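Take a look at the letters that make up each chain.
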Amino acid sequence: SAERTLDAPELEDDYYLNLLDWSTRNVLAIALGRSLYLWDASEGTASELMSVDEDSGPITSVSWAPDGKHIAVGLKSSAVQLWDTVASKQLRTLRGGHQSRVGALAWNSHILTTGGMDGLIFNNDVRIRSHIVEEYKGHEQEVCGLKWSSSGQQLASGGNDNLLHIWDRTMASEQNARQNQWLHRLDDHRAAVKAVAWCPFQGNLLASGGGGSDRCIKFWNTHTGSCLNSVDTGSQVCALLWSKTERELLSSHGFDQNQLTLWKYPSMVRMAELTGHTSRVLFMAMSPDGCTVASASAGDETLRFWNVFGNPETNKKPVSKPLGPFASVNSIR
């Protein structure tokens, strides 16, 4: 069972949003309705960073910058806010690209990539005034999954149009430098593709998960675009995380078990089923040391912590303090 369970009231029950992220500085961010809360996992303390009004909210996506200090917050209004969490100060608002809510965010150094309900994807250079530097056009419906490869060369995007695209950073077309052509357009999934995860030990390996009518985890060689394997999990795939230390993959699911499943790769033998959530597990995030996974379900309004990938002491390179006791915080706010 979970190591720890916290209340998460007013978490949006929306498959297409991305409302949970864990920073390199060991702070977990979760959006509850129109407010963003931060938990310092080392100290076990919680605080509210910001709230937006009814016209702007609810919050539809959150993503920590690589420095663990700055965070991007996507809104229903189509704006994206950038915050300095150390100073608790808003730095800027990105506008002018999307026409509707921004449900997916991904950082690549100083580039913040945003995916919208309008099907558009923009690269925003957060250092400059005219922030939109590139645009990726390929999705016909909402973009709900967005992840950069560790090299920063390839971007994976999943949408409610059942499409998975691989975009190459170097393929910006000369004629219209802002609009990129996809490297691969992969249409094997039969439902929305929200869960996308790049393999940490093989740079050109991507895992993707399909929604309720698909239920499959698929593995891709992103250089060739070939599907290496497809596994029917039996239920909606909401999120995917690779272990940082072992050849293992964690998936979170919807009806009817609402479980987290740990898989051995590449055999895809089920190693463990983590149960406790009573509604679909829409969101997952991993601690910076790679040991703990946080999962959140809007239906049961809980945030749960699982020691999935071993203890920090046994890992070769712990990159932060282990998860501290949440003794002082039983509720998120």
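Residues numbered from 1 in each chain as written. Predicted model: local features only at pLDDT ≥ 70, side-chain atom pairs only at ≥ 80, totals over all residues. Heavy atoms only, no water.

Novice: What is the right way to read the overall build of the protein from this model?
Specialist: When helices and strands are tallied, the protein shows zero helices and 29 strands. For a compact globule of 333 residues, the expected C-alpha radius of gyration is about 20 Å, and the protein comes in at 18 Å, within 12% of that figure. Its C-alpha atoms put the protein at 55 × 45 × 35 Å along the principal axes. Buried residues in the protein amount to 60% of all 333 residues. (Helix = DSSP H or I, 4+ residues; strand = E, 2+ residues; numbered from the N terminus. Rg over C-alpha atoms; globule rule 2.2 N^0.38 Å. Buried < 20%, exposed > 50% of the residue type's maximum accessible area, 1.4 Å probe, protein only.)

Novice: Could you clarify how one ought to interpret the pairing of strand 3 (residues 27–32) in this entry?
Specialist: Look at any regular strand and the pattern is simple: side chains alternate between the two faces of the sheet. Of all six residues in strand 3, six are buried, a share of seventy percent or more. When strand 2 (residues 20–22) meets strand 3, the two strands line up antiparallel, connected through three bridges. Its bridge partner being in strand 3, Leu20 is matched across the sheet by Ile30. Here strand 2 folds back onto strand 3, and the loop between the two strands holds four residues, one of which, Asn26, carries a positive phi near 70°. One ladder, built from six bridges, connects strand 3 with strand 4 (residues 35–40); its direction is antiparallel. Along strand 4, the bridge assignment pairs Val27 with Asp40. In this structure, the hairpin formed by strand 3 and strand 4 is closed by a connection of two residues, where Gly33 is found at a positive phi of approximately 65°. (Pairing = 2+ DSSP bridges.)

Novice: What am I meant to see in the packing of aromatic side chains here?
Specialist: For any pair of aromatic rings, geometry is given as the distance between the ring centres together with the angle between the planes. Overall, the coordinates contain ten aromatic pairs when judged by the stated rule. Taking the centre distance of 5.0 Å and the plane angle of 50° together, the rings of Tyr136 and Trp167 count as tilted. With Tyr136 in strand 13 (residues 132–137) and Trp167 in strand 16 (residues 164–168), this pair connects stretches of sequence that are 31 residues apart. Taken together, the aromatic side chains of Phe201, Phe219, Trp242 and Tyr265 make up a single cluster linked through ring pairs. Residue placement shows Arg185 over the ring face of Trp182; its charged tip is 4.5 Å from the ring centre. (Phe/Tyr/Trp six-rings, centres within 6.5 Å; stacked < 30°, edge-to-face > 60°. Lys NZ or Arg CZ within 6 Å of the ring centre and 35° of its normal.)

Novice: Help me understand the nonpolar core in this model?
Specialist: One finds Leu20, Leu28, Ile30, Leu36, Ile59 and Leu303 to be the most contacted residues of the largest nonpolar core, which totals 40 residues. Element by element, the count of residues in this core is highest for strand 3, at six residues. Within the second largest apolar cluster, 15 residues are counted, among which are Ile217, Trp242, Tyr265 and Met268. (Core = buried A, V, L, I, M, F, W, Y, C linked by side-chain atoms within 4.5 Å.)

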